[in-house]
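# Summary of the model geometry
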Amino acid sequence: MQLATIALLALASPANDIKAPSVADCENAYSDVIVQNYEPPLQTLKLCAANQKFDAVSRSRYHLGRAWALQGLGRLNEAIAEMELSFTLPNPPYRLQIVNYATMLRSAGRLEDSLKAIIERGEEVDKAEGEGPSMMIQYHKGWTLQEMGRHREAIKAFTAGIPHQIDYPFVYLSRAASYSAINDRESAKADMRKFSEYFTNDWRKYASAKELSEYRKQLIDHGLKPSW
């Protein structure tokens, strides 16, 4: 009996001796996620997000990092749940947090929920800041509407974001797709021309050979000749 008790105490001791991660540990774990090292930081970030000694903004950020890691590992439902935990903290949500949540919902096929998140959370952030519709929110609103087959509404959303980042090439690529879907070929061609103009080397260097080939094909299909 005494030996059994000692054995149980020995098994219990490591769990009791788990040391709470420091700020440096948490930041290192978050940095791992940024460089797409997803599995190792999961447990550390879980402890960081649960640490009541950290401020709400930091804890929300650690939930966000953990959600990214889970998404990268293909554990989408867990990633969505982690994002929802970040919203329970008493700090105002920010655009990147909202956009990642909407993107995860869209990837999970929950299009209505994705659109709701963008409208109820994202557009409210834009209104609160008083600067009008942001490209980040309107682009993702358009993307979700596009996935829903609501192309005229998608065009309206893409258009609303353009004044705030007129040189963002992918908004024109996406809007062109919706124009094509409603058979407005001239508008689609005009947007593809703008995409080609704004898709500079600063953007092209991040594209894969496959992506570049697809973009060139789309331009040619619209009667345009890419200069790159």
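Rules and cut-offs
- Residues numbered from 1 in each chain as written.
- Predicted model: local features only at pLDDT ≥ 70, side-chain atom pairs only at ≥ 80, totals over all residues.
- Heavy atoms only, no water.
- Helix = DSSP H or I, 4+ residues; strand = E, 2+ residues; numbered from the N terminus.
- Buried < 20%, exposed > 50% of the residue type's maximum accessible area, 1.4 Å probe, protein only.
- Contact = heavy atoms within 4.5 Å.
- Expected span 1.5 Å × (residues − 1).
- Arc of directions from axis to C-beta.
- Disulfide = S-S within 2.5 Å.
- Salt bridge = Lys/Arg side-chain N within 4 Å of Asp/Glu carboxyl O.
- Axes fitted to C-alpha atoms, helices over the stretch in contact; angles between N-to-C directions.
- Left-handed = near helix turned anticlockwise from the far one by under 90°.
- Nonpolar A, V, L, I, M, F, W, Y, C, P; charged D, E, K, R; others polar.

### Some details on unusual backbone geometry
- In this model, Q36 sits at a positive phi of 65 degrees, which is unusual for a non-glycine residue.
- Mapped onto the elements, Q36 comes out in the loop between α2 (23–34) and α3 (42–50).
- On the basis of relative accessibility, which here comes to 58%, the residue Q36 falls in the exposed class.
- Phi is positive for N183, close to 65 degrees, though the residue is something other than glycine.
- According to the relative accessible area criterion, N183 is exposed, its value standing at 57%.

### Quick look at the environment of A188
- Along the chain, A188 turns up in helix α11 (residues 185–198).
- Distance from A188 to A69, taken between C-alpha atoms, is 36 Å for residues 119 residues apart in sequence.
- When sequence neighbours within four positions are dropped, the list of residues in contact with A188 reads A176, Y179, S180 and H222.

### Examining helix α5 (residues 76–87)
- Helix length check: α5 (twelve residues) gives 17 Å between terminal C-alpha atoms against 16 Å at 1.5 Å per residue, within 8%.
- For α5, the set of buried residues is A79, I80, E82, M83, S86 and F87. The buried residues of α5 occupy one face: seen down the axis, they fall within an arc of 160 degrees.
- The inward-facing, buried residues of α5 abut α4 (56–72), α6 (95–107) and α7 (111–129).

### Things to note about the state of the cysteines
- On inspection of all chains with the given rule, the structure shows one disulfide.
- In this model, C26 is linked to C48 through a disulfide, with the two sulfur atoms separated by 2.0 Å. One quick way to see it: the torsion about the S-S bond of C26 and C48 is about -95 degrees, and its sign makes the bridge left-handed. Of this pair, C26 sits in helix α2 while C48 sits in helix α3, and the two are 22 residues apart along the sequence. C48 carries the same exposure label as C26, and that label is buried.

### Quick look at the pattern of salt bridges
- One pass over the full model with this rule turns up eleven salt bridges.
- The closest approach of N and O atoms between K141 and E123, which form a salt bridge, is 2.8 Å. Of this pair, K141 sits in helix α8 (residues 135–147) while E123 sits in helix α7, and the two are 18 residues apart along the sequence. With respect to class, K141 is no different from E123; both count as buried.
- Because the salt bridges share partners, they merge into one network encompassing R95, D126 and E129.

### A word on the packing of α2 against α4
- Remark: α2 packs on α4, axes separated minimally by 9 Å, with the N-to-C direction vectors making an angle of 35 degrees. Relative to α4, α2 is oriented so that their crossing is left-handed. Along the contact surface, α2 presents V23, C26, E27, Y30, V33 and I34, while α4 presents R61, Y62, G65, W68 and A69.
- The class makeup of the residues in the contact of α2 with α4 is eight nonpolar, one polar and two charged.

### What about the side chain of K141?
- Overall, K141 belongs to the buried group, its relative accessible area being 18%.
- Among residues more than four places away in sequence, those in contact with K141 are L115, I118, I119, E123 and A157.

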